[in-house]
Amino acid sequence: MSSMGGSADENLETKETHVRSLSSSHGQEPYVHKVGIPPRQNLFREFQSTVKETFFADDPLRSFKDQTKSRKLILGIEAIFPILSWGRTYNLAKLRGDLIAGLTIASLCIPQDIGYAKLANLDPEYGLYSSFVPPLIYAVMGSSRDIAIGPVAVVSLLLGTLLQSEIDPIANPIDYRRLAFTATFFAGITQATLGVLRLGFLIDFLSHAAIVGFMGGAAITIALQQLKGFLGIQKFTKKTDVISVMYSVLSSAHHGWNWQTIVIGAVFLAFLLFAKYIGKKNTRFFWVPAIAPLISVILSTLFVYLTRADKHGVAIVKHIKSGINPSSVKEIYFTGDYLGKGFRIGIVAGMIALTEATAIGRTFASMKDYQLDGNKEMVALGAMNVVGSFTSCYVATGSFSRSAVNYMAGCETAVSNIVMSVVVFLTLEFLTPLFEYTPNAILATIIISAVINLVDYKAAILIWKIDKFDFVACMGAFFGVVFASVEIGLLIAVSISFAKILLQVTRPRTAILGKIPRTTVYRNIQQYPEATRVPGVLIIRVDSAIYFSNSNYVKERILRWLMDEEEQVKVDYQTRIQFLMVEMSPVTDIDTSGIHALEELFRSLQKRDVQVIIKPSTVTILNDIMWQISYQRKHNFEQLVLANPGPIVIDKLHTSNFAALLGEDKIFLTVAEAVAYCSPKLAEDP
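Model, not experiment: these values are computed from the prediction. (Residues numbered from 1 in each chain as written. Predicted model: local features only at pLDDT ≥ 70, side-chain atom pairs only at ≥ 80, totals over all residues. Heavy atoms only, no water.)

**Comments concerning the overall build of the protein**
Looking only at helices and strands, the protein features 28 helices and 9 strands. Put simply, the protein has 686 residues, and 50% of those count as buried. The contacts in the protein between residues at least 6 apart in sequence include a share of 81% that link residues at least 24 apart. Summed over all atoms, the accessible surface of the protein reaches about 33,200 Å², with 62% contributed by carbon and sulfur. (Helix = DSSP H or I, 4+ residues; strand = E, 2+ residues; numbered from the N terminus. Buried < 20%, exposed > 50% of the residue type's maximum accessible area, 1.4 Å probe, protein only. Contact = heavy atoms within 4.5 Å. Areas by Shrake-Rupley, 256 points an atom, 1.4 Å probe, with all protein chains shown as cover.)

Pasting the structure below:
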């Protein structure tokens, strides 16, 4: 096979050489393939196509084609409530898997919910409320089979931090709670709006590296916040940065720590970490770390009750209000000063919750090989948070730890969320008095053990190896959260993500191309060192569209390549550069600023006595064409030659009449044909 391939390559080389020899000996130009002109589209169709690709790239209405009106109505209802679709095939075998998974995640969520409510500066029952109503709504409207819904550590901390900057939760708990419900309402509105308007791509602007750093920093911050409960400290700073927290911890070391609390926390933290180790060591024991938090709560509560450790300074949960969620519709701020504050906080919390849920949903969907409709997910998450805000819940989303347990427990559908919700309902109705003697230390311990996995140092190391700029974004978000605040870290994460986008747009990559031996293929000489340059011709490729943001840079970068090459040619006594070929196949579009920059490049090259070949995926409407042609004739220069235009560019060339002025015989399909055109010209040059 290799010998045949080599023979074919040699034949291609022979043909190319033969074309050149014929051209130079007989004065004939090599055959030029004509570049196709795309059919013209009217403005409405072009606009329609652009809108479709932007907002409806997944073609969500495909299933409605060629259907009766009644069938379309049914499909529309099923699109809003997916449970009506998969519910028809539900059976006892699936119920068994969902029942086991639901009971397992319920045992994990109950102690976590009580702790996460404290992170949000809310009473414990509000954490349980948020694992009762939202999972029911999601089970009906959500499309993921594996996501477990409820409060999560990062969103709870973010919400608590932003809310307490507006209202003191201790001095004014009622207004604080009302603002929390208001923020939850607008978080849901934000999520649902993004889904309805199909703007889910906006959350992709927060890069994976920034999310890794933000989550890691938030995990450190959350863990440090739990030192209050872990050490039994009464007076603790409200700030979240590591310096303030450590100062508060160390300054209270002599008189503020409670050794009984520390013993309880240390013993059960060791137990939880050991349970996690067992679960990781053997996946068959996934249920061990899942039920370990509930076992810890039961044992620690029993210990405190029997020893009356609460009389010796061990802080306990005390009373948890029993009963299901009371209505909170009238508590939401729809007017007044707090409306704007709730709106702002809700947008931030909603976007972070959406980002986490989307990442979790996509992860498990790929593992089980099924499609997840991101826009439907946003509508479902938004609806459950809007309803949750009416039923005394705060922002809920997909929890990674619970979703992982749900997956490993063998969940089949979203019914596992319904099972979990029923267990939480029974807890609210009958079991809340049992948590009265639960020590705060055990809740702090459960949260610490839960957030440890959010510090993904392996991902950070991989990011460093792959992309150093991504690593800067990761560390910027991490240190912003740890040393400043959650909102500052989030701002840094978003800013660096946008900075990377701007840098890539304004500073596109360029490369010098050479010919791969025994082929007619031209590639980057840095990637392929064996590629040889064509004497007298400098071939440069621009790997980006040319817009107003980068057009000047592209022009200057090409000129710098040319100057460097000319200096090297003088040193090595090589054939002087007579043609500059700009290979722009990767360039998908160009605007007027790009055209103006290319015109300036053309004039600069004329002054340098360098002839130009520009691959027209980039050259479109070149102004002042008549001046260029007259200038070329006056100074006996070759005409401008274009090669391999894309459909958008060639359309602009013909629309501007530039193709007719230039001559269609000067528009080439490939770099090889353009080089073949240059070769006899180089031979004729004295």
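After that view of the structure, there is still more to cover.
**Points about the pattern of salt bridges**
Counted under the stated rule, the structure contains 12 salt bridges. Here R533 makes a salt bridge to E565, at a shortest N to O gap of 2.4 Å. Placement of the pair is R533 in the loop between β4 (522-524) and β5 (537-542) and E565 in helix α23 (residues 551-572), with a sequence separation of 32 residues. Overall, the relative accessible area of 40% leaves R533 in the partly exposed class. Relative accessible area serves as the criterion here: at 9%, E565 is assigned to the buried category. Salt-bridge contacts for D543 lead to R541; the nearest nitrogen and oxygen are separated by 2.7 Å. Three or more residues joined by partner-sharing salt bridges are found here, namely E166, K341 and R344. (Salt bridge = Lys/Arg side-chain N within 4 Å of Asp/Glu carboxyl O.)

**Points about the packing of aromatic side chains**
Using the criterion set out here, one finds 16 aromatic pairs in the structure. Centroid distance F132 to F425: 5.7 Å. Interplanar angle 25 degrees. Geometry classified as stacked. Linking F132 in the loop between α6 (124-129) and α7 (133-141) with F425 in helix α18 (residues 415-431), this pair joins segments that are 293 residues apart in sequence. Aromatic side chains F364 and Y407 sit 5.4 Å apart centroid to centroid with 40 degrees between the ring planes, which places their arrangement in the tilted category. Residue F364 is located in helix α15 (residues 337-368), and its partner Y407 is located in helix α17 (residues 400-408); the two are separated by 43 residues in the primary sequence. (Phe/Tyr/Trp six-rings, centres within 6.5 Å; stacked < 30°, edge-to-face > 60°.)

**What to know about the nonpolar core**
Core analysis: the biggest nonpolar cluster contains 82 residues, and L159, F214 and I222 have the highest contact counts within it. Not counting residues within four places of it along the chain, the set of residues in contact with F214 comprises V154, I352, A477, F478, V481, V486, G489 and L490. Counting residues in each nonpolar core, the second largest holds 24 residues, with A531, W561, M584 and I595 among its members. (Core = buried A, V, L, I, M, F, W, Y, C linked by side-chain atoms within 4.5 Å.)

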